[in-house]
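Close look at the chain arrangement
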Amino acid sequence: MKILLINPPFKGEKKHKHAPLGLYYISEYIKDIADVKVFDCNVNNSNVFDIAEKMEPDIIGISVLTPTVKSSINLLKILKEKNDRCLFVAGGIHASSFPDDMIFAGFDLVIRGEGELTFYELVTRFDSNKIYEIDGISFLDKTNRKVIHRKDRKRIKNLDMLEFPKLSKNELEYYEYASIITSRGCAYQCYYCSSSYYWNKIVKTRSIESILCEINYYL
């Protein structure tokens, strides 16, 4: 199975040059069961449409943040014209917050919340009729044009179960510096931040050993 994970372009004068670690975490988690590629439109000068045409992926996942909603939908429309047999999946904070909007924009499926376990199940069930029974997803019931929301997936209790992303030297050259995630969530509820909604004010942290191991990887 082939999977293409895309970080859509940020618009504006200031380019977003931080590695899309959410996509890289998913890539790392499913690498043993799929041929997966992460493509960052903000730093990679290659044509993403040419990449998709050459790769012929079974699944294309697009990370949707609020600043990239329009570019994500534009990408989706063009990619669907050339990859009509592909399953298009949206994920990320904005997609998780507004799954109905993403479905009616043309995505086949939305992964809400943490993506690793849900994406893994999606891959393992892809060739069966059970992909729409997975927790943590939203999709369209085409019979009555109603969006179905499967129950929320439980948060990952131990973040150390996830291998940290191991960007290659070539990938690191795209970015200003290597960045890491040491925890997920925030206990506070700032009015300008979506973290409390996305993580439900629950904080999960990685172990010191895991964090040091990742730091040493990039030294």
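Preceding this paragraph is the structure being described.
A brief report on the enclosed structure follows. Nothing here was measured: the structure is a model prediction, and the numbers come from that model.

Time to look at helix α9 (residues 208-218). Here α9 has its buried residues at Ser210, Ile211 and Glu214. Down the axis of α9, the buried set is contained in an arc of 100°. They therefore lie on one face. The outward face of α9, more than 90 degrees from its buried face, is lined by the exposed residues Ile208, Glu209 and Asn216. Along its buried surface, α9 packs onto α1 (21-30).

Where empty space is left becomes clear once a probe the size of a water molecule has been rolled over the atoms. For the coordinates displayed, the defined rule picks out 3 cavities of 30 Å³ or more. In this structure, the largest cavity encloses a volume near 40 Å³. Around the largest cavity, the lining residues are Ala19, Leu21, Leu167, Leu172, Tyr175, Tyr177, Ala178, Ser179 and Tyr218. A breakdown of the residues in the lining of the largest cavity according to their chemical character gives 8 nonpolar, 1 polar and no charged.

As paired strands, strand β6 (residues 137-141) and strand β7 (residues 146-149) are joined by 4 bridges and run antiparallel to one another. Within β7, the residue paired with Phe139 across the bridge is Ile148. Where β6 hands over to β7, the hairpin turn is made up of 4 residues, of which Arg145 adopts a positive phi near 55°.

The subject of this paragraph is the layout of surface pockets. Quantified by volume, the largest pocket comes out at close to 1100 Å³. Lining the largest pocket are 40 residues, and of these Gly22, Leu65, Gly92, Ile93 and Tyr198 sit closest to its centre. Among the secondary structure elements, those contributing two or more residues to the lining of the largest pocket are β1 (2-7), α1, β3 (59-63), β4 (87-91), α4 (93-97), α6 (116-124), β8 (183-184) and α8 (195-199). Top contributing element to the lining of the largest pocket by residue count: α1, with 5 residues. A per-class count over the lining of the largest pocket returns 20 nonpolar, 17 polar and 3 charged. Taken together, 17 residues form the lining of the second largest pocket, with Gly113, Asp152, Arg153, Tyr197 and Tyr198 sitting closest to its centre. Contributing elements (two or more residues each) for the lining of the second largest pocket: α6 and α8. For the lining of the second largest pocket, a count of residues per class yields 6 nonpolar, 4 polar and 7 charged.

Reading guide: rules and limits
- Residues numbered from 1 in each chain as written.
- Predicted model: local features only at pLDDT ≥ 70, side-chain atom pairs only at ≥ 80, totals over all residues.
- Heavy atoms only, no water.
- Buried < 20%, exposed > 50% of the residue type's maximum accessible area, 1.4 Å probe, protein only.
- Helix = DSSP H or I, 4+ residues; strand = E, 2+ residues; numbered from the N terminus.
- Arc of directions from axis to C-beta.
- Contact = heavy atoms within 4.5 Å.
- 1 Å grid on protein atoms, 1.4 Å probe; cavity = no way out; pocket = protein on both sides within 12 Å on 5 of 7 lines; lining within 4 Å.
- Points joined across faces, edges and corners; volume = space filled by probe spheres on them.
- Nonpolar A, V, L, I, M, F, W, Y, C, P; charged D, E, K, R; others polar.
- Pairing = 2+ DSSP bridges.

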